[in-house]
Amino acid sequence: MFVAVIAGLAGGIILGLLLDVAYPVALSFYITVGLLAALDSVFGALRAHMEGKYNTIIFLTGFICNAALAALLAWLGDKLGVPLYYAAIIVFGGRLFNNFAVIRRIVIEKYFVKKSE
C-alpha cells in the first residue's frame, strides 16, 4: 500500500510539472486553502498509519470534507468581505504542524532511539 501511495504522489508531482495548468487569480484563495486542508488530511493519514489507526473511509471523507469546508469558508468570507479563510489557515496550519511533530517523534523513537531491552 505504501508503494502505491508513493507512486501516486510521484505521478501527481510529475503530471503537475509537465502539464501547463493555469487558473484565474481570483481562485487563488480557494485553491490555497483547499491545498492546506488536503495537506492536513494527508499528514493526519500518515500519522494514523504510523500509529496503527488508519482507516481509508475516515481519510477520504476527511480529505473531501476538509477541502470543501475550507473552500466554503474562503468563498463565504469573500462574499461577506470578511477574511474567513484565516480561520481555515489557522486551524489546518496548526493541525498540520501538530501532525508533523507527532510523525517526527514516532520516526525518532522507531528508528533512532535504541530501546533498552
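Since this is a predicted model, take the numbers as computed values, not measurements.

## Concerning the overall build of the protein
Here comes step 1: The secondary structure content of the protein amounts to four helices and zero strands.
Here comes step 2: The order of α-helices and β-strands along the protein, N terminus first, is α-α-α-α.
Here comes step 3: The C-alpha radius of gyration of the protein comes to 17 Å, more than 25% above the 13 Å expected for a compact globule of 117 residues.
Here comes step 4: Dimensions of the protein, computed from the C-alpha atoms along their principal axes, are close to 60 × 35 × 25 Å.
Here comes step 5: In the protein, which comprises 117 residues, the proportion classed as buried is 21%.
Here comes step 6: Expressed as a percentage of contacts within the protein between residues at least 6 apart in sequence, the contacts between residues at least 24 apart total 72%.
Here comes step 7: A total of about 8,800 Å² of accessible surface is found on the protein, and carbon and sulfur atoms cover 73% of it.
Here comes step 8: Here the protein contributes 9 positive and 6 negative side-chain charges, whose respective centroids are spaced 7 Å apart.

## Some details on the packing of aromatic side chains
Here comes step 1: This structure, assessed with the given rule, holds four aromatic pairs.
Here comes step 2: Centre to centre, the rings of Tyr54 and Phe59 are 6.3 Å apart; their planes meet at 45°, and the pair counts as tilted.
Here comes step 3: Residues Tyr85 and Tyr86 carry aromatic rings whose centres are separated by 4.7 Å and whose planes lie at 45° to one another, so their mutual orientation is tilted.
Here comes step 4: Look at Tyr85 and you get buried, because its relative accessible area is 17%.

## Regarding the packing of helix α2 (residues 28-51) against helix α3 (residues 56-80)
Here comes step 1: At their nearest, the axes of α2 and α3 sit 8 Å apart, and the two run at 155° to each other. On the basis of their axis angle, the class for α2 and α3 is roughly antiparallel. Handedness of the α2/α3 crossing: right-handed. Across from Tyr30, Val33, Gly34, Ala37, Ala38, Asp40, Ser41, Val42 and Ala45 in α2, the residues of α3 making contact are Phe59, Gly62, Phe63, Asn66, Ala67, Ala70, Ala71, Ala74, Trp75 and Asp78.
Here comes step 2: Within the contact of α2 with α3, the residues separate by chemical class into 13 nonpolar, four polar and two charged.

## Some remarks on the nonpolar core
Here comes step 1: Residues Tyr30, Val33, Leu36, Ala37, Ala70, Ala74, Tyr85, Ala88, Phe92 and Leu96 constitute the largest nonpolar core, which totals 10 residues.
Here comes step 2: Those elements giving two or more residues to this core turn out to be α2, α3 and α4 (85-112).
Here comes step 3: In contact with Ala37, not counting residues within four places along its chain, are Asn66, Ala67, Ala70 and Phe92.

## As for the confidence of the model for the protein
Here comes step 1: Per-residue confidence for the protein gives a mean pLDDT of 86, with 95% of residues at or over 70.
Here comes step 2: Of all helices and strands in the protein, the one with the weakest mean pLDDT is helix α1 (residues 2-18) (84), whereas α4 scores best (90).

## Topic: the layout of surface pockets
Here comes step 1: Reported here for the second largest pocket is a volume of approximately 220 Å³.
Here comes step 2: Around the second largest pocket, the lining comprises 16 residues; the ones closest to its centre are Ser41, Gly44, Ala45, Ile58 and Phe59.
Here comes step 3: Mapped by element, the contributors of at least two residues to the lining of the second largest pocket are α2, α3 and α4.
Here comes step 4: Considered class by class, the residues forming the lining of the second largest pocket number six nonpolar, seven polar and three charged.

Reading guide: rules and limits
- Along every chain, residues carry numbers that run from 1 in the direction the sequence is written.
- Totals for whole chains, interfaces and linings use every residue, but because this is a predicted model, local features are given only for residues with pLDDT of at least 70 and side-chain atom pairs only at 80 or more, for both listing and counting.
- Each side-chain value is derived from all of the structure's non-hydrogen atoms; neither hydrogens nor water enter the calculation.
- Numbering goes from the N terminus for both helices and strands, where a helix is a DSSP run of H or I of at least four residues and a strand is a run of E of at least two.
- Atoms counted for the radius of gyration: C-alpha only. Globule rule: 2.2 Å times the number of residues to the power 0.38.
- Categorising residues by exposure relies on relative accessible area from a 1.4 Å probe, with only protein chains included: less than 20% of the type maximum marks a residue as buried, more than 50% marks it as exposed, and the intermediate range marks it as partly exposed.
- In this description, contact between two residues means that some pair of their heavy atoms is separated by no more than 4.5 Å.
- Residue exposure ignores everything except the shown protein chains as possible cover, and the areas themselves are Shrake-Rupley values with a 1.4 Å probe.
- For this count, His and the chain ends are skipped, Lys and Arg are scored as positive, and Asp and Glu as negative.
- A single reference atom marks each charge: NZ on Lys, CZ on Arg, CG on Asp, CD on Glu.
- Aromatic pairing here means that ring centres of Phe, Tyr or Trp (its six-membered ring) are within 6.5 Å. Orientation follows from the plane angle: under 30 degrees is stacked, over 60 is edge-to-face, and everything else is tilted.
- To define axes, lines are fitted to C-alpha atoms, for helices over the stretch in contact only, and angles between the resulting N-to-C directions are given on a 0 to 180 degree scale.
- Any angle that is under 35 degrees is reported as roughly parallel, and any over 145 degrees as roughly antiparallel; angles of 65 to 115 degrees are reported as roughly perpendicular and all others as oblique.
- Crossings are classed by handedness, with left-handed meaning an anticlockwise turn of the near helix from the far one by less than a right angle and right-handed meaning a clockwise turn.
- Basically, the charged four are Asp, Glu, Lys and Arg, the nonpolar ten are Ala, Val, Leu, Ile, Met, Phe, Trp, Tyr, Cys and Pro, and anything else, Gly included, counts as polar.
- Only buried residues count toward a nonpolar core, which is a set of Ala, Val, Leu, Ile, Met, Phe, Trp, Tyr and Cys residues joined through side-chain atoms within 4.5 Å.
- The predictor's confidence in any single residue is recorded as pLDDT, a number from 0 to 100.
- With a 1 Å grid spanning the protein atoms alone, the term cavity applies to any set of points in which a 1.4 Å probe fits but cannot get out, the term pocket to an open set with protein on both sides within 12 Å along at least five of seven lines, and the term lining residue to any residue with an atom within 4 Å of a point.
- Grid points are joined across faces, edges and corners, and a volume is the space filled by probe spheres set on the points.

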